[in-house]
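Each chain, letter by letter, is given below.
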Amino acid sequence: QVQFEESGGGLVQPGGSLRLDCAVSRTISDIYAMGWYRQVPGKERELVADTLSGGRTNYADAVKGRFTISRNNAKSTVSLQMNSLKPEDTAVYYCGARMKWATSVVHWGQGTQVTVSS
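J.: Would you mind showing me how to read the packing of aromatic side chains here?
T.: Geometry of an aromatic ring pair is reported as the spacing of the ring centres plus the angle between the planes. Throughout the structure, instances matching the rule amount to two aromatic pairs. With a centroid separation of 4.7 Å and 80 degrees between ring planes, the pair formed by Tyr37 and Trp108 is classed as edge-to-face. Here Tyr37 is found in strand E4 (residues 31–39), whereas its partner Trp108 is found in strand E10 (residues 102–108), with 71 residues between them in sequence. You can call Trp108 partly exposed: its relative accessible area is 36%. With a centroid separation of 6.4 Å and an interplanar angle of 75 degrees, the aromatic rings of Tyr94 and Trp108 are classed as edge-to-face. Of the two residues, Tyr94 sits in strand E9 (residues 91–99) while Trp108 sits in strand E10, which places them 14 residues apart along the sequence.

Spelled out as structure tokens, the structure:
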């Protein structure tokens, strides 16, 4: 079983910044990838950014240059620094992790709301 402890999120004005943090309950040696996804009502959950065990990072085109993902291997944590936020970034953000024994399966955190509005 994989458990998550997410923090961050909230309400911010356009152009502002927020940081999301997530701790995963597995050791880093078990984890293939950690990242953040987001979902708005009526749409599928989409990848925002993730970081793989080999060090590669992936970003959605919509957030490149504005968001930065980072990880702490000693603590099995992943963070998402979100700058220059736009109203279209409003969504529920989910921490997700894939384990090395089933890399196609994403385990989900409970989600945290990010609202960008003036």
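J.: What is the right way to read the pairing of strand E8 (residues 77–82) from this model?
T.: Where a strand is regular, its side chains alternate between the two sheet faces. Most of E8 is tucked away, with five of its six residues classed as buried. Two strands pair when backbone bridges link them, and strand E3 (residues 18–24) and E8 are joined in this way by six bridges, in the antiparallel orientation. Across the sheet, residue Cys22 finds its bridge partner in E8, namely Val78. Pairing of strand E7 (residues 67–72) with E8 involves six bridges; the strand directions are antiparallel.

J.: Any chance you could explain the pattern of salt bridges here in plain terms?
T.: Side-chain pairs of opposite charge can arise where the charged atoms are in close proximity. Within this structure, the stated rule accounts for seven salt bridges. The salt bridge involving Arg26 is made with Asp30; its shortest N-O contact spans 3.2 Å. Exposure remark for Arg26: the relative accessible area of 25% places this residue in the partly exposed category. Note that Asp89 and Arg66 form a salt bridge whose closest N and O atoms lie 2.8 Å from each other.

J.: Before we go on, may I ask you to explain the nonpolar core in this structure?
T.: Soluble globular proteins tend to pack their nonpolar side chains together in the buried interior. Judged by nonpolar contacts, the single largest core of 26 residues is most densely connected at Val24, Trp36, Phe67, Leu80, Met82 and Tyr93. Mapped onto this core, the elements with two or more residues apiece are E3, E4, strand E5 (46–52), E7, E8, E9 and strand E11 (112–116). With five residues, the single largest contributor to this core is E9. For Leu80, the residues in contact, after removing those within four places along its chain, are Leu18, Arg19, Leu20, Trp36, Val48, Ala49, Phe67, Thr68 and Ile69.

J.: Would you explain the environment of Thr77 in this entry?
T.: Its location among the elements puts Thr77 in strand E8. Along the sequence, Thr77 and Ser53 sit 24 residues apart, while their C-alpha atoms lie 12 Å from each other. Not counting residues up to four positions away in its chain, the partners in contact with Thr77 are Cys22, Ala23, Met34, Ser70, Arg71 and Asn72.

J.: I would appreciate a short explanation of the environment of Asp21 in the present structure.
T.: Mapped onto the fold, Asp21 is located in strand E3. When the C-alpha positions of Asp21 and Thr68 are compared, they lie 12 Å apart, and in sequence the two are 47 residues distant. Apart from the residues lying within four places of it in its own chain, the contact partners of Asp21 are Glu5, Glu6, Ser7, Trp36, Val78 and Ser79. In this structure the side chain of Asp21 is engaged in a polar contact, spanning 3.1 Å, whose partner is the side chain of Arg19. One polar contact links Asp21 to Ser79, side chain to side chain, over a distance of 2.5 Å.

Analysis parameters
- Residues numbered from 1 in each chain as written.
- Predicted model: local features only at pLDDT ≥ 70, side-chain atom pairs only at ≥ 80, totals over all residues.
- Heavy atoms only, no water.
- Phe/Tyr/Trp six-rings, centres within 6.5 Å; stacked < 30°, edge-to-face > 60°.
- Helix = DSSP H or I, 4+ residues; strand = E, 2+ residues; numbered from the N terminus.
- Buried < 20%, exposed > 50% of the residue type's maximum accessible area, 1.4 Å probe, protein only.
- Pairing = 2+ DSSP bridges.
- Salt bridge = Lys/Arg side-chain N within 4 Å of Asp/Glu carboxyl O.
- Core = buried A, V, L, I, M, F, W, Y, C linked by side-chain atoms within 4.5 Å.
- Contact = heavy atoms within 4.5 Å.
- Polar contact = N/O pair within 3.5 Å; in protein donor to acceptor, adjacent residues only side chain to side chain.

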